[in-house]
Amino acid sequence: MRKLFLLGFMAVLSFGMIQINASYAADGDKVIYHVNLGNEQATDALRNIQNHLAVDPQAKIVVVTHSAGVDFLLQGAEDKNGNPYEGTVEKLAAKGVEFRVCKITLERRHIDPKKVIPEAKLVPSGVVEVTKLQQQGYAYLKP
Amino acid sequence: MNTEQKFSDEFLNAFVDDQLSLEERQQVYACLATDDALNRQVCELRKMHSLVKLAYEQPPVPPHGLKSLSTGRKLGLGLAAGLALMIGGVAGWFLHQSPAPVPTTVAQAIAETRDPTKVLFHVSDGRPEHLRNALDEVEGLMQHYRKSHEKARVEVVANGDGLSLLLAGISPYAERVRRMQQEYPGLTFVACQNTIDRIRQEVGLDVKLLPGVEVIDSGVAQIMRRQQEGWAYIQV
(Lines give C-alpha, C1' and ligand atoms only; values in the text may rest on other atoms or scores of the structure.)
Protein backbone atom coordinates (compact mmCIF):
# COMPACT_ATOMS: atom_id res chain seq x y z
CA MET A 1 0.00 0.00 0.00
CA ARG A 2 2.86 2.28 0.80
CA LYS A 3 4.28 1.37 -2.61
CA LEU A 4 1.16 2.75 -4.26
CA PHE A 5 1.61 5.99 -2.39
CA LEU A 6 5.23 6.24 -3.56
CA LEU A 7 4.26 5.35 -7.11
CA GLY A 8 1.72 8.14 -7.26
CA PHE A 9 4.27 10.56 -5.81
CA MET A 10 7.01 9.57 -8.29
CA ALA A 11 4.63 9.74 -11.21
CA VAL A 12 3.73 13.33 -10.49
CA LEU A 13 7.36 14.26 -9.83
CA SER A 14 8.67 12.72 -13.06
CA PHE A 15 5.88 14.30 -15.01
CA GLY A 16 6.94 17.66 -13.63
CA MET A 17 10.60 17.03 -14.44
CA ILE A 18 9.80 16.01 -18.01
CA GLN A 19 7.84 19.19 -18.54
CA ILE A 20 10.72 21.34 -17.28
CA ASN A 21 13.30 19.52 -19.42
CA ALA A 22 11.08 19.63 -22.47
CA SER A 23 10.80 23.40 -22.23
CA TYR A 24 14.61 23.76 -22.11
CA ALA A 25 15.16 21.53 -25.13
CA ALA A 26 12.67 23.52 -27.18
CA ASP A 27 14.42 26.86 -26.43
CA GLY A 28 17.88 25.88 -27.79
CA ASP A 29 21.42 26.64 -26.60
CA LYS A 30 22.18 29.98 -25.04
CA VAL A 31 25.50 31.62 -25.85
CA ILE A 32 27.32 34.91 -25.32
CA TYR A 33 29.56 36.32 -28.04
CA HIS A 34 32.00 38.62 -26.25
CA VAL A 35 33.31 41.45 -28.47
CA ASN A 36 35.72 43.99 -26.98
CA LEU A 37 38.77 44.24 -29.23
CA GLY A 38 37.56 46.19 -32.25
CA ASN A 39 36.01 45.96 -35.71
CA GLU A 40 38.15 43.07 -36.94
CA GLN A 41 36.95 40.93 -34.09
CA ALA A 42 33.39 42.19 -34.69
CA THR A 43 33.55 41.11 -38.34
CA ASP A 44 34.73 37.66 -37.25
CA ALA A 45 31.94 37.51 -34.66
CA LEU A 46 29.20 38.39 -37.17
CA ARG A 47 30.46 35.69 -39.51
CA ASN A 48 30.63 33.16 -36.66
CA ILE A 49 27.07 34.04 -35.64
CA GLN A 50 25.69 33.56 -39.15
CA ASN A 51 27.37 30.15 -39.31
CA HIS A 52 26.10 29.30 -35.85
CA LEU A 53 22.50 30.09 -36.78
CA ALA A 54 22.80 28.15 -40.03
CA VAL A 55 23.59 25.05 -37.97
CA ASP A 56 21.37 25.83 -34.99
CA PRO A 57 18.53 28.23 -35.85
CA GLN A 58 17.10 27.87 -32.34
CA ALA A 59 20.26 29.15 -30.64
CA LYS A 60 19.72 32.17 -28.40
CA ILE A 61 22.67 34.47 -29.09
CA VAL A 62 23.56 37.60 -27.14
CA VAL A 63 26.46 39.77 -28.34
CA VAL A 64 27.94 41.74 -25.42
CA THR A 65 30.26 44.58 -26.39
CA HIS A 66 32.52 46.92 -24.46
CA SER A 67 35.79 48.85 -24.91
CA ALA A 68 36.71 48.90 -28.62
CA GLY A 69 34.01 46.32 -29.28
CA VAL A 70 31.20 48.90 -29.32
CA ASP A 71 32.43 50.66 -32.47
CA PHE A 72 30.63 48.44 -34.98
CA LEU A 73 27.30 49.24 -33.29
CA LEU A 74 27.60 53.02 -33.80
CA GLN A 75 25.78 54.82 -36.59
CA GLY A 76 27.68 54.91 -39.86
CA ALA A 77 30.17 52.21 -38.77
CA GLU A 78 31.88 50.41 -41.67
CA ASP A 79 34.24 47.46 -41.93
CA LYS A 80 37.70 47.72 -43.55
CA ASN A 81 36.14 47.26 -47.01
CA GLY A 82 33.75 50.16 -46.55
CA ASN A 83 30.67 47.96 -46.01
CA PRO A 84 28.25 49.28 -43.36
CA TYR A 85 27.75 47.01 -40.35
CA GLU A 86 24.17 48.09 -39.73
CA GLY A 87 22.62 45.97 -42.51
CA THR A 88 24.16 42.74 -41.21
CA VAL A 89 23.28 43.61 -37.62
CA GLU A 90 19.67 44.36 -38.65
CA LYS A 91 19.31 40.98 -40.36
CA LEU A 92 20.68 39.11 -37.34
CA ALA A 93 18.52 41.12 -34.94
CA ALA A 94 15.50 40.10 -37.02
CA LYS A 95 16.50 36.47 -36.39
CA GLY A 96 16.53 37.07 -32.63
CA VAL A 97 20.19 37.90 -32.01
CA GLU A 98 20.60 40.54 -29.31
CA PHE A 99 23.27 43.23 -29.25
CA ARG A 100 24.23 44.90 -25.96
CA VAL A 101 26.47 47.93 -25.43
CA CYS A 102 28.34 48.81 -22.24
CA LYS A 103 27.36 52.21 -20.78
CA ILE A 104 30.62 52.52 -18.83
CA THR A 105 32.52 52.31 -22.12
CA LEU A 106 30.37 55.05 -23.67
CA GLU A 107 31.05 57.31 -20.68
CA ARG A 108 34.76 56.53 -20.57
CA ARG A 109 35.23 57.10 -24.30
CA HIS A 110 32.85 60.10 -24.38
CA ILE A 111 30.55 58.49 -26.94
CA ASP A 112 27.03 59.92 -27.17
CA PRO A 113 24.53 57.09 -26.39
CA LYS A 114 22.31 58.44 -29.19
CA LYS A 115 24.99 57.36 -31.67
CA VAL A 116 24.32 53.69 -30.86
CA ILE A 117 22.15 52.04 -33.53
CA PRO A 118 18.57 51.19 -32.50
CA GLU A 119 19.13 47.42 -32.81
CA ALA A 120 21.47 47.55 -29.81
CA LYS A 121 20.45 47.83 -26.16
CA LEU A 122 22.45 49.65 -23.48
CA VAL A 123 23.51 47.75 -20.34
CA PRO A 124 25.14 49.23 -17.19
CA SER A 125 28.38 47.22 -17.55
CA GLY A 126 29.58 44.87 -20.26
CA VAL A 127 31.65 42.56 -18.05
CA VAL A 128 28.90 42.39 -15.42
CA GLU A 129 26.50 41.50 -18.24
CA VAL A 130 28.82 38.69 -19.37
CA THR A 131 28.98 37.43 -15.77
CA LYS A 132 25.20 37.61 -15.27
CA LEU A 133 24.45 35.73 -18.48
CA GLN A 134 26.84 32.93 -17.49
CA GLN A 135 25.09 32.71 -14.14
CA GLN A 136 21.89 32.24 -16.15
CA GLY A 137 23.40 29.29 -17.96
CA TYR A 138 24.79 30.95 -21.10
CA ALA A 139 27.93 29.50 -22.64
CA TYR A 140 30.79 31.93 -23.34
CA LEU A 141 32.43 32.40 -26.72
CA LYS A 142 35.29 34.75 -27.57
CA PRO A 143 35.58 35.21 -31.33
CA MET B 1 -46.15 -7.80 36.38
CA ASN B 2 -48.13 -6.71 39.38
CA THR B 3 -51.92 -6.65 39.13
CA GLU B 4 -52.48 -3.29 40.66
CA GLN B 5 -50.04 -1.17 38.72
CA LYS B 6 -49.58 1.92 40.79
CA PHE B 7 -46.96 3.32 38.44
CA SER B 8 -46.96 3.27 34.64
CA ASP B 9 -44.08 1.69 32.74
CA GLU B 10 -43.15 5.12 31.55
CA PHE B 11 -42.98 6.39 35.12
CA LEU B 12 -40.80 3.46 36.22
CA ASN B 13 -38.47 3.91 33.27
CA ALA B 14 -38.06 7.53 34.28
CA PHE B 15 -37.36 6.38 37.84
CA VAL B 16 -34.60 4.02 36.65
CA ASP B 17 -33.14 6.82 34.53
CA ASP B 18 -33.07 9.22 37.49
CA GLN B 19 -35.41 11.57 35.70
CA LEU B 20 -38.04 11.88 38.46
CA SER B 21 -38.33 14.68 41.01
CA LEU B 22 -37.46 14.06 44.64
CA GLU B 23 -41.13 13.59 45.72
CA GLU B 24 -41.83 11.19 42.86
CA ARG B 25 -38.80 9.11 43.76
CA GLN B 26 -39.83 9.03 47.38
CA GLN B 27 -43.21 7.64 46.31
CA VAL B 28 -41.55 4.78 44.49
CA TYR B 29 -39.13 4.06 47.31
CA ALA B 30 -42.03 3.92 49.76
CA CYS B 31 -43.73 1.24 47.62
CA LEU B 32 -40.51 -0.67 46.96
CA ALA B 33 -40.16 -1.19 50.72
CA THR B 34 -43.32 -3.36 50.81
CA ASP B 35 -44.06 -4.45 47.23
CA ASP B 36 -42.00 -7.48 46.10
CA ALA B 37 -43.46 -7.48 42.62
CA LEU B 38 -42.54 -3.82 42.16
CA ASN B 39 -39.03 -4.64 43.32
CA ARG B 40 -38.68 -7.33 40.68
CA GLN B 41 -40.08 -5.03 37.99
CA VAL B 42 -37.67 -2.22 38.86
CA CYS B 43 -34.81 -4.73 38.95
CA GLU B 44 -35.70 -5.99 35.47
CA LEU B 45 -35.91 -2.43 34.20
CA ARG B 46 -32.49 -1.54 35.63
CA LYS B 47 -30.98 -4.66 33.98
CA MET B 48 -32.51 -3.72 30.64
CA HIS B 49 -31.28 -0.16 30.90
CA SER B 50 -27.71 -1.38 31.60
CA LEU B 51 -27.78 -3.67 28.59
CA VAL B 52 -29.00 -0.86 26.32
CA LYS B 53 -26.27 1.42 27.64
CA LEU B 54 -23.64 -1.20 26.96
CA ALA B 55 -24.88 -1.73 23.42
CA TYR B 56 -24.75 2.00 22.64
CA GLU B 57 -21.34 2.82 24.18
CA GLN B 58 -18.82 4.84 22.04
CA PRO B 59 -17.16 2.60 19.45
CA PRO B 60 -13.32 2.31 19.74
CA VAL B 61 -11.35 5.05 17.84
CA PRO B 62 -9.86 3.62 14.63
CA PRO B 63 -6.06 3.55 14.48
CA HIS B 64 -4.37 6.58 12.73
CA GLY B 65 -2.06 6.24 9.72
CA LEU B 66 -2.16 5.15 6.14
CA LYS B 67 -2.87 1.51 6.90
CA SER B 68 -6.46 2.30 7.70
CA LEU B 69 -7.05 4.25 4.46
CA SER B 70 -8.43 2.77 1.28
CA THR B 71 -6.23 2.34 -1.78
CA GLY B 72 -7.97 5.12 -3.64
CA ARG B 73 -7.53 7.50 -0.76
CA LYS B 74 -3.81 6.73 -0.52
CA LEU B 75 -3.24 7.24 -4.23
CA GLY B 76 -5.07 10.51 -3.97
CA LEU B 77 -2.89 11.55 -1.04
CA GLY B 78 0.22 10.54 -2.96
CA LEU B 79 -0.81 12.59 -5.99
CA ALA B 80 -1.63 15.57 -3.80
CA ALA B 81 1.75 15.35 -2.07
CA GLY B 82 3.55 15.01 -5.38
CA LEU B 83 1.66 17.96 -6.82
CA ALA B 84 2.48 20.08 -3.78
CA LEU B 85 6.16 19.18 -4.14
CA MET B 86 6.16 19.98 -7.85
CA ILE B 87 4.49 23.33 -7.28
CA GLY B 88 7.04 24.10 -4.59
CA GLY B 89 9.91 23.03 -6.84
CA VAL B 90 8.78 25.04 -9.83
CA ALA B 91 8.01 28.08 -7.71
CA GLY B 92 11.45 27.81 -6.15
CA TRP B 93 13.03 27.53 -9.60
CA PHE B 94 11.44 30.75 -10.81
CA LEU B 95 11.95 32.65 -7.58
CA HIS B 96 15.63 31.67 -7.68
CA GLN B 97 16.08 33.87 -10.76
CA SER B 98 15.76 36.93 -8.61
CA PRO B 99 15.68 40.55 -9.83
CA ALA B 100 18.26 43.21 -8.95
CA PRO B 101 18.73 43.77 -5.19
CA VAL B 102 16.69 46.51 -3.48
CA PRO B 103 19.03 48.94 -1.72
CA THR B 104 17.73 48.61 1.86
CA THR B 105 19.76 47.68 4.92
CA VAL B 106 17.90 44.37 5.17
CA ALA B 107 18.74 43.55 1.54
CA GLN B 108 22.35 44.51 2.23
CA ALA B 109 22.50 42.21 5.22
CA ILE B 110 21.08 39.38 3.17
CA ALA B 111 23.50 40.09 0.31
CA GLU B 112 26.41 39.92 2.74
CA THR B 113 25.50 36.36 3.65
CA ARG B 114 24.95 35.20 0.06
CA ASP B 115 27.62 33.30 -1.85
CA PRO B 116 29.91 35.75 -3.68
CA THR B 117 29.73 36.19 -7.45
CA LYS B 118 32.82 34.45 -8.84
CA VAL B 119 34.54 35.74 -11.96
CA LEU B 120 37.80 34.74 -13.62
CA PHE B 121 39.41 37.30 -15.95
CA HIS B 122 41.84 35.77 -18.41
CA VAL B 123 44.70 37.98 -19.62
CA SER B 124 46.87 36.55 -22.38
CA ASP B 125 47.74 39.69 -24.36
CA GLY B 126 50.72 41.69 -23.09
CA ARG B 127 50.31 44.94 -25.04
CA PRO B 128 50.23 47.87 -22.56
CA GLU B 129 46.93 49.38 -23.82
CA HIS B 130 45.37 45.93 -23.61
CA LEU B 131 46.63 45.47 -20.04
CA ARG B 132 45.28 48.88 -19.09
CA ASN B 133 41.89 47.99 -20.55
CA ALA B 134 41.90 44.72 -18.66
CA LEU B 135 42.58 46.47 -15.35
CA ASP B 136 39.84 49.03 -16.16
CA GLU B 137 37.34 46.22 -16.72
CA VAL B 138 38.33 44.37 -13.54
CA GLU B 139 38.05 47.53 -11.49
CA GLY B 140 34.72 48.44 -13.11
CA LEU B 141 33.29 45.08 -12.12
CA MET B 142 34.59 45.28 -8.54
CA GLN B 143 33.06 48.75 -8.16
CA HIS B 144 29.73 47.60 -9.59
CA TYR B 145 29.41 44.81 -7.04
CA ARG B 146 30.58 47.05 -4.24
CA LYS B 147 27.87 49.60 -5.11
CA SER B 148 25.16 46.97 -5.14
CA HIS B 149 26.49 45.50 -1.86
CA GLU B 150 27.20 42.16 -3.43
CA LYS B 151 30.29 40.15 -2.62
CA ALA B 152 32.54 39.39 -5.55
CA ARG B 153 35.46 36.98 -5.71
CA VAL B 154 37.60 37.80 -8.73
CA GLU B 155 40.69 36.08 -10.05
CA VAL B 156 42.88 37.60 -12.77
CA VAL B 157 44.79 34.74 -14.40
CA ALA B 158 47.69 35.81 -16.59
CA ASN B 159 49.40 33.44 -18.99
CA GLY B 160 51.31 33.69 -22.25
CA ASP B 161 52.14 37.29 -23.13
CA GLY B 162 49.69 38.44 -20.45
CA LEU B 163 52.13 37.36 -17.73
CA SER B 164 54.04 40.61 -18.24
CA LEU B 165 51.26 42.30 -16.19
CA LEU B 166 52.56 40.52 -13.08
CA LEU B 167 56.35 40.69 -13.53
CA ALA B 168 58.47 42.93 -11.35
CA GLY B 169 60.60 45.30 -13.40
CA ILE B 170 58.56 44.57 -16.54
CA SER B 171 54.91 45.36 -15.73
CA PRO B 172 53.83 48.87 -16.76
CA TYR B 173 51.15 48.75 -14.04
CA ALA B 174 52.96 47.41 -10.96
CA GLU B 175 51.70 50.27 -8.78
CA ARG B 176 48.11 49.92 -10.02
CA VAL B 177 48.17 46.17 -9.32
CA ARG B 178 49.41 46.84 -5.76
CA ARG B 179 46.69 49.46 -5.19
CA MET B 180 43.97 47.17 -6.50
CA GLN B 181 45.15 44.30 -4.30
CA GLN B 182 44.79 46.58 -1.28
CA GLU B 183 41.50 48.14 -2.36
CA TYR B 184 39.61 44.93 -3.18
CA PRO B 185 40.02 42.05 -0.72
CA GLY B 186 38.12 39.68 -3.01
CA LEU B 187 40.60 40.18 -5.85
CA THR B 188 43.65 38.00 -6.54
CA PHE B 189 46.20 38.08 -9.34
CA VAL B 190 47.44 34.67 -10.42
CA ALA B 191 50.47 33.77 -12.57
CA CYS B 192 50.80 30.65 -14.71
CA GLN B 193 53.78 28.42 -13.78
CA ASN B 194 53.87 26.90 -17.28
CA THR B 195 54.49 30.33 -18.76
CA ILE B 196 57.15 31.10 -16.11
CA ASP B 197 58.95 27.85 -17.02
CA ARG B 198 58.67 28.52 -20.75
CA ILE B 199 60.23 32.00 -20.37
CA ARG B 200 63.13 30.47 -18.46
CA GLN B 201 63.67 27.83 -21.14
CA GLU B 202 63.27 30.06 -24.22
CA VAL B 203 64.80 33.34 -23.01
CA GLY B 204 66.92 32.15 -20.09
CA LEU B 205 65.18 34.64 -17.80
CA ASP B 206 64.18 33.85 -14.20
CA VAL B 207 61.21 36.12 -13.75
CA LYS B 208 60.30 37.75 -10.43
CA LEU B 209 56.63 38.20 -9.64
CA LEU B 210 55.05 41.32 -8.10
CA PRO B 211 54.32 40.99 -4.36
CA GLY B 212 51.08 39.23 -3.44
CA VAL B 213 50.75 37.45 -6.78
CA GLU B 214 49.74 33.79 -6.47
CA VAL B 215 50.95 30.97 -8.70
CA ILE B 216 49.04 28.02 -10.18
CA ASP B 217 50.38 25.14 -12.20
CA SER B 218 48.68 26.02 -15.50
CA GLY B 219 46.55 29.00 -16.55
CA VAL B 220 44.30 27.07 -18.90
CA ALA B 221 43.84 24.25 -16.39
CA GLN B 222 42.84 26.83 -13.78
CA ILE B 223 40.34 28.36 -16.23
CA MET B 224 38.80 24.95 -16.79
CA ARG B 225 38.74 24.12 -13.06
CA ARG B 226 37.07 27.41 -12.13
CA GLN B 227 34.40 27.03 -14.81
CA GLN B 228 33.65 23.58 -13.49
CA GLU B 229 33.30 25.15 -10.05
CA GLY B 230 30.72 27.57 -11.43
CA TRP B 231 32.89 30.64 -11.97
CA ALA B 232 32.05 33.00 -14.83
CA TYR B 233 34.83 33.35 -17.41
CA ILE B 234 35.79 36.53 -19.24
CA GLN B 235 38.69 36.83 -21.59
CA VAL B 236 39.80 40.44 -21.68
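Just so we're clear, the structure is a prediction, and the values are computed from it rather than from any experiment.

Enquirer: Quick rundown of the interface of chain B and chain A? Include the residues and the values.
Expert: On the side of chain A, 25 residues touch chain B, which itself brings 29 residues to the contact. Together chain B and chain A conceal approximately 2400 Å² of surface at their shared face, both sides included; 69% is due to carbon and sulfur atoms. Three residues, Lys74, Met86 and Glu137 of chain B, lead the burial of chain B against chain A; their summed loss comes to 19% of the area buried on that side. Taken together, the links from chain B to chain A amount to two salt bridges. Two residues, Asp136 of chain B and Arg108 of chain A, come together in a salt bridge whose shortest N-O distance is 3.7 Å. Where chain B meets chain A, there are seven residue pairs in polar contact (both at pLDDT 80 or more). Mapped by element, the contributors of at least two residues to the side of chain B that touches chain A are helix H4 (71-96), strand E1 (117-123), helix H6 (128-147) and strand E5 (232-235) of chain B. The element best represented in the side of chain B that touches chain A is H4 of chain B, accounting for 13 residues.

Enquirer: Hey, could you go over the layout of surface pockets for me, with residue numbers and the actual values?
Expert: Each pocket or cavity is described by its volume, and for the second largest pocket that value is around 240 Å³. What lines the second largest pocket is a set of 14 residues, among which Asn36, Leu37 and Ala68 of chain A together with His130 and Asn133 of chain B lie closest to the centre. Each residue belonging to the lining of the second largest pocket can be placed in one class, and the counts come to four nonpolar, five polar and five charged.

Enquirer: Describe the pairing of strand E2 (residues 152-158) of chain B, and please don't skip the residues or the numbers.
Expert: Sheet faces and side chains relate simply in a regular strand, where the side chains alternate between the two faces. Residue and element names in this part refer to chain B. Within E2, six of the seven residues are buried, which leaves it mostly tucked inside the rest of the structure. Pairing of E1 with E2, which is carried by seven bridges, proceeds in the parallel orientation. Its bridge partner lying in E2, Val119 is registered against Val154. In the classification by handedness, the crossover that spans E1, the intervening H6 and the parallel E2 is right-handed. Two strands pair when backbone bridges link them, and E2 and strand E3 (residues 187-192) are joined in this way by five bridges, in the parallel orientation. Looking across to E3, one finds that Val154 is bridged to Leu187. Handedness of the crossover is the feature at issue here: the chain leaves E2, passes through helix H7 (residues 174-183), returns alongside E3, and the resulting connection is right-handed.

Enquirer: Before we move on, could you go through the confidence of the model for chain A and cite the residues and values that matter?
Expert: Per-residue confidence for chain A gives a mean pLDDT of 91, with 90% of residues at or over 70. pLDDT under 50 marks residues 21-26 of chain A. Its contacts with residues more than four places away, or in other chains, come to two contacts.

Parameters at a glance
- Residues numbered from 1 in each chain as written.
- Chains lettered and ligands numbered in written order.
- Predicted model: local features only at pLDDT ≥ 70, side-chain atom pairs only at ≥ 80, totals over all residues.
- Heavy atoms only, no water.
- Contact = heavy atoms within 4.5 Å.
- Buried area = accessible area lost by both parts, 1.4 Å probe.
- Salt bridge = Lys/Arg side-chain N within 4 Å of Asp/Glu carboxyl O.
- Polar contact = N/O pair within 3.5 Å; in protein donor to acceptor, adjacent residues only side chain to side chain.
- Helix = DSSP H or I, 4+ residues; strand = E, 2+ residues; numbered from the N terminus.
- 1 Å grid on protein atoms, 1.4 Å probe; cavity = no way out; pocket = protein on both sides within 12 Å on 5 of 7 lines; lining within 4 Å.
- Points joined across faces, edges and corners; volume = space filled by probe spheres on them.
- Nonpolar A, V, L, I, M, F, W, Y, C, P; charged D, E, K, R; others polar.
- Buried < 20%, exposed > 50% of the residue type's maximum accessible area, 1.4 Å probe, protein only.
- Pairing = 2+ DSSP bridges.
- Right-handed = clockwise from strand over helix to strand, strands pointing away.
- pLDDT = per-residue confidence, 0-100.

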